[in-house]
Amino acid sequence: MQIGAPLGRNSGKLWLNHSPHEARTMTRHWRTRLLHTNAHVPEGFKSLATPVYRGSTVLFDRQADVADQWHADKGYAYGLYGTPTVLELGARVAELEQARHSFVVPGGQAAIALTYLASCKAGSHALVPWNAYGPNREMGEGLLRALNIEVEAYDPMLGSGIGQLIRPNTALIWCESPGSVTMEIQDLPAIVGAAHERGVTVALDNSYAAGVLLDAFAMGVDISIQAITKYIGGHSDVLLGTVSVRDERTYETVGSTWAQLGMAVSPDDCSLALRGLQTLGVRLERLERSALELARWLADRPEIACVLHPALPSCPGHDIWQRDFAGSASIFSIVFEKRYSKSQVASFIDALELFQIGFSWGGVASLAVSFPDLKRPGIDYEGRLVRLNIGLEEVADLRADLEAAFRKL
Ligand SMILES: Cc1ncc(COP(=O)(O)O)c(C=O)c1O
């Protein structure tokens, strides 16, 4: 093991070693020694933390070993394709999801983009549920349309009825369960059954389940993506995503697209995500308990017309959640009674002290945000829907915060 040698003449003994090679090193100019060193530190350091390996250039021992390829299982070639820290995060997520491989990408939206670009080509048709994460829908209407890829929105509760929307050029069916904001749970095995009958790839945005509350590959999907930004990151300070693939064929198509797009991530960010994994279990358990307690309490409030939480019967697809999921998470939505206006709901959010206002979810802080223009086919929420992310604060304090804001309504 070598470290950069200190510049001073007597600055420590760790580097004073007198083999012929080292003696030769010491005859070189200090500028050369800045880059080529024989400084040593003791071997044998062990710690509980994964080391952060940074690096763009990867060194080879011999010219004959030089290879330019992205396959991690064939060895390191270039930092773009992952250092050991990045690959460890991918391997840990793949192990949790029981995937063939998990590609680590710069965020959940990058994972969505990679999945589209790996699965579709000019002339393809893709299906996406109308409650999918907003930027996923926007990509369908923007970048993908410009590439002559048609993305059609479908009713997330269609189940096997999706078969009727499949065309000869359908290349990809997206699922997101629960769906963004309105939280519908999809019948994944039914959708997968209809898709696979026609040879269509199914991708799932599995961010809500953190890759552990729902076994995506047991449901039959081909690609499971996660915004690691949410529960695995867990502290709202890192943006990362993964694209996990089921089999060799998908590994090759997603992998070659991933490599061509140059979706590099920071090993420092990956080390934060690896640390997040260590506490994911306790955080999810506590978040589930707190969110459920507040969701049930909110369901009884006279101001609230409906609580959209997968573990409550008022959530569309609740029975499917009971069948397929191992638990619920921290995020859910509430819909105010019709007598409240958009501006009253906005003032309710402003009146909250512990709940802060902001997008994203899965961190340790409670958040509230409304979606003033949210519409679903046949429903205009008219600004009466508020999404809550429950954090690790004491539930009694969060309830008191909500109660005080209700009083001000
Ligand atoms: C369901 C879902 N998927 C993907 C993303 C995108 O993740 P990121 O913010 O890491 O790009 C989000 C972000 O809010 C999300 O809610």
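As the structure is a computational prediction, the values presented were derived from the model and not from experiment.

J.: Outline the domain arrangement of the protein, supporting the account with residue identities and numerical values.
T.: Under the domain assignment, the protein is made up of domain 1 (82-274) and domain 2 (280-408). Each of domain 1 and domain 2 was reduced to a C-alpha centroid, and the two centroids are 25 Å apart. Tallying the contact residues gives 29 residues for domain 1 and 34 residues for domain 2. Both sides together, the interface formed by domain 1 and domain 2 hides about 2700 Å², and carbon and sulfur atoms give 68% of it. The largest share of the area that domain 1 buries against domain 2 comes from Val181, Leu213 and Tyr231, three residues that together contribute 27% of it. Applying the counting rule to domain 1 against domain 2 returns one salt bridge. Between Arg323 and Asp187 there is a salt bridge; the shortest N-O distance is 2.8 Å. Viewed at the interface, domain 2 and domain 1 are joined by 10 residue pairs in polar contact (both at pLDDT 80 or more). Classifying every residue of the side of domain 1 that touches domain 2 by side-chain character gives 16 nonpolar, 10 polar and three charged.

J.: Kindly report on the sheet that holds strand E3 (residues 150-154), identifying the contributing residues and their values.
T.: Across a sheet, strands are paired by hydrogen bonds formed along the backbone, either parallel or antiparallel in direction. The mixed open sheet is built from seven strands, whose spatial order is E1-E7-E6-E5-E4-E2-E3. This sheet does not close on itself; its edge strands, each paired only once, are strand E1 (101-105) and E3. Taking each pair of neighbouring strands and ignoring which way they run, the sheet shows an average axis angle of 20°. Where strand E2 (residues 125-129) meets E3, five bridges bridge the pair, whose relative direction is parallel. Note that in E3 the partner of Pro129 across the bridge is Tyr154. Set on the sheet, helix H3 (residues 84-97) makes contact with E1, strand E6 (223-227) and strand E7 (241-245); between it and E1 the angle comes to about 135°.

J.: Provide a residue-level description of the site of the ligand, including the pertinent values.
T.: Within the structure, the ligand sits among 13 residues, and Gly108, Gln109, Asp205, Thr229 and Lys230 are positioned closest to it. Here Gly108 contributes a backbone N or O atom positioned 2.7 Å from an oxygen atom of the ligand. Bound to the protein, the ligand loses 89% of the 390 Å² it would expose on its own. Residues that form the shell around the ligand fall into these classes: four nonpolar, six polar and three charged.

J.: I'd love a proper account of the confidence of the model for the protein, names of residues and values included.
T.: When pLDDT is averaged along the protein, the result is 95, and 96% of the positions lie at 70 or above. Low pLDDT, under 50, characterises residues 1-12; the stretch is placed with 21 contacts to residues that sit more than four places away or in other chains.

J.: Any details on the pattern of salt bridges? Residues and values, ideally.
T.: All chains considered together, the criterion is met by 16 salt bridges. For Asp268, the salt bridge goes to Arg54, with nearest N and O atoms at 2.9 Å. Here Asp268 is found in helix H9 (residues 267-299), whereas its partner Arg54 is found in the loop between helix H2 (30-33) and H3, with 214 residues between them in sequence. Sharing partners across several salt bridges, the network here consists of Asp73, Arg100 and Glu248.

J.: Report on the packing of aromatic side chains, specifying residues and quantitative values.
T.: One pass over the structure, following the stated rule, counts 16 aromatic pairs. Note on Phe336 and Tyr340: the rings are 5.9 Å apart at their centroids and 85° apart in plane angle, and the pair reads as edge-to-face. Like Tyr340, Phe336 is buried. Each member of the aromatic cluster is reached from another via a ring pair, and the members are Trp70, Tyr78, Tyr81, Phe103, Tyr251 and Trp258. Taking NZ or CZ as reference, Arg31 lies 5.1 Å from the ring centre of Trp30, over its face. Positioned above the aromatic ring of Tyr251, the side-chain terminus of Arg100 is 3.9 Å from the ring centre.

J.: Lay out a nonpolar patch on the surface in plain terms, naming residues and giving numbers.
T.: On the surface, a nonpolar cluster with roughly 350 Å² of combined accessible area is contributed by Trp30, Leu34 and Leu35. Along the polypeptide, Leu35 turns up in the loop between H2 and H3. Take Leu35: its relative accessible area is 69%, and that puts it in the exposed class.

What counts and what doesn't
Residues numbered from 1 in each chain as written. Predicted model: local features only at pLDDT ≥ 70, side-chain atom pairs only at ≥ 80, totals over all residues. Heavy atoms only, no water. Domains from an automatic or database assignment. Contact = heavy atoms within 4.5 Å. Buried area = accessible area lost by both parts, 1.4 Å probe. Salt bridge = Lys/Arg side-chain N within 4 Å of Asp/Glu carboxyl O. Polar contact = N/O pair within 3.5 Å; in protein donor to acceptor, adjacent residues only side chain to side chain. Nonpolar A, V, L, I, M, F, W, Y, C, P; charged D, E, K, R; others polar. Pairing = 2+ DSSP bridges. Helix = DSSP H or I, 4+ residues; strand = E, 2+ residues; numbered from the N terminus. Axes fitted to C-alpha atoms, helices over the stretch in contact; angles between N-to-C directions. Near = heavy atom within 4 Å. Areas by Shrake-Rupley, 256 points an atom, 1.4 Å probe, with all protein chains shown as cover. pLDDT = per-residue confidence, 0-100. Phe/Tyr/Trp six-rings, centres within 6.5 Å; stacked < 30°, edge-to-face > 60°. Buried < 20%, exposed > 50% of the residue type's maximum accessible area, 1.4 Å probe, protein only. Lys NZ or Arg CZ within 6 Å of the ring centre and 35° of its normal. Patch = residues over 30% accessible without salt bridge, like charges linked within 9 Å, V, L, I, M, F, W, Y side chains within 5 Å.

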